[in-house]
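A closer look at the structure
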Amino acid sequence: MNWLEVIGWIGSVLVVVSLMQARVLRFRVLNLVGAVIATGYNIAIGVWPFAAMNGAIAIIDVYWLARLLRERHDEAAYEVVEVRPDDAYLARVLDVHAADIARFAPGYAGPRSGSVAFLVVRGDETVGVVQVHDEGAGTGRVQLDYVTPRFRDFTPGEFVYRRSGVFRERGFERLVVEPVPANQDYFRRVGFVAPTTPAASWTHPLPTP
């Protein structure tokens, strides 16, 4: 097997691996790289129909990657829908993703009375859930900030925290999250401040409207 065949096999493997990805962004990136390699390989050996096909796939991947990245932080692309903690659809979402939620939020025990819940949707697809419990004294504790596998390369929960007015309306002055969140960069980006002592919580002061 010569080096050209090795390159061809690498492109084919990447395309196959991309089809095994649940995350939409990772799928597009791997598929694009595989398609570009396959295009170059097919041009090199003179198989023009496959070169054209893979070239077209690469162009399609570039289009969708540009759109996904452009909409990554676009409030027009995502909508935040507040629901009751005992909402039937919320219960269905939590049940469908129960195993995944247990892996990323092992301390989560389900909706509680005195909490507020938000679904983050993109079109007709639910991509995330944020639930905050009222701890009293103006403090809301983030019980769950979950993103479905397809959109795990994005941060749809940020749209909930941007709307700090909805928390203020319910008497919250600050949001806290503990223990130390696994995705610390994400919580910093959405407004949480790291504690100065190990025993303290990450805090998100809510500005007065």
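Structural data are supplied above this passage.
Everything numeric in this text was worked out from a predicted model, so none of it was measured.

Criteria and cut-off values
Throughout this description, residue numbers start from 1 for each chain and increase along the sequence as written. Local features in a predicted model are, by the rule used here, given only for residues with pLDDT of at least 70; side-chain atom pairs are given and counted only at 80 or more, and totals for whole chains, interfaces and linings are based on all residues. Only heavy atoms go into the side-chain values, all of them from the structure, while hydrogens and water stay out. Numbering goes from the N terminus for both helices and strands, where a helix is a DSSP run of H or I of at least four residues and a strand is a run of E of at least two. The span one expects for a helix is its residue count, reduced by one, times 1.5 Å. Burial here depends on accessible area, computed with a 1.4 Å probe over protein chains only, as a share of the maximum for the residue type. Under 20% is buried, over 50% is exposed, and the range in between is partly exposed. Buried Ala, Val, Leu, Ile, Met, Phe, Trp, Tyr and Cys residues form a nonpolar core when they are joined through side-chain atoms within 4.5 Å. Contacts between residues were defined by any pair of non-hydrogen atoms, one from each residue, lying within 4.5 Å. The directions from the helix axis to the C-beta atoms are what the arc is built from. Under the rule applied, a polar contact is a pair of N or O atoms within 3.5 Å (in protein, one hydrogen donor and one hydrogen acceptor; residues adjacent in sequence only if both atoms are side-chain atoms). Patch membership needs two things, relative accessible area over 30% and no salt bridge, and members are linked within 9 Å if like-charged or within 5 Å if nonpolar (Val, Leu, Ile, Met, Phe, Trp, Tyr). In these tables, accessible area is a Shrake-Rupley quantity obtained with a 1.4 Å probe, and a residue counts as shielded only by the protein chains included in the view. Counted as salt bridges are all cases of a side-chain nitrogen of Lys or Arg within 4 Å of a carboxyl oxygen of Asp or Glu. Being paired, for any two strands, means DSSP has found at least two bridges between them.

With respect to helix H2 (residues 24-45)
- Given a rise of 1.5 Å per residue, 22 residues ought to cover 32 Å, and the 31 Å separating the end C-alpha atoms of H2 matches this to within 8%.
- Within the sequence span of H2, burial applies to Val24, Leu25, Phe27, Arg28, Asn31, Leu32, Gly34, Ala35, Ala38, Thr39 and Asn42.

Details of the nonpolar core
- Counting residues in hydrophobic clusters, the biggest one holds 34 residues, and the most contacted among them are Tyr78, Val132, Tyr161, Phe167 and Phe192.
- Here the element with the most residues in this core is H2; it accounts for 4 residues.
- Leave out the neighbours within four places in its chain, and Tyr161 touches Val130, Val142, Asp145, Phe167, Leu175, Tyr186, Phe187, Val190, Phe192 and His204.
- In this structure, Val83, Leu90, Val93 and Leu119 belong to the second largest nonpolar core, which totals 13 residues.

Quick notes on helix H4 (residues 88-96)
- Every buried residue of H4 is accounted for by Leu90, Val93 and Leu94. Taken down its axis, H4 places every buried residue within 95 degrees of arc, on the same side. Seen from the open side of H4, the exposed residues pointing more than 90 degrees away from its buried face are Ala88, Arg92 and Asp95.
- In this structure, the buried side of H4 is in contact with strand E1 (79-83), helix H5 (98-104), strand E2 (115-122), strand E3 (125-136) and strand E4 (139-147).
- Where H4 begins, the side chain of Asp87 points an oxygen toward the backbone nitrogen of Tyr89, at a separation of 2.9 Å.

Notes on a nonpolar patch on the surface
- On the surface, a cluster of nonpolar side chains totalling about 300 Å² of accessible area is made up of Ile60, Tyr63 and Trp64.
- With respect to the element layout, Tyr63 can be found in helix H3 (residues 48-70).
- The class for Tyr63 is partly exposed, based on a relative accessible area of 46%.

Thoughts on the pairing of E3
- As paired strands, E2 and E3 are joined by 8 bridges and run antiparallel to one another. When the bridges of E3 are listed, Ala117 appears paired with Gln131.
- The loop that links E2 with its antiparallel partner E3 comprises 2 residues; one of these, Gly123, has a positive phi angle of about 65 degrees.
- Taken together, the 8 bridges between E3 and E4 define a ladder with antiparallel strand orientation.

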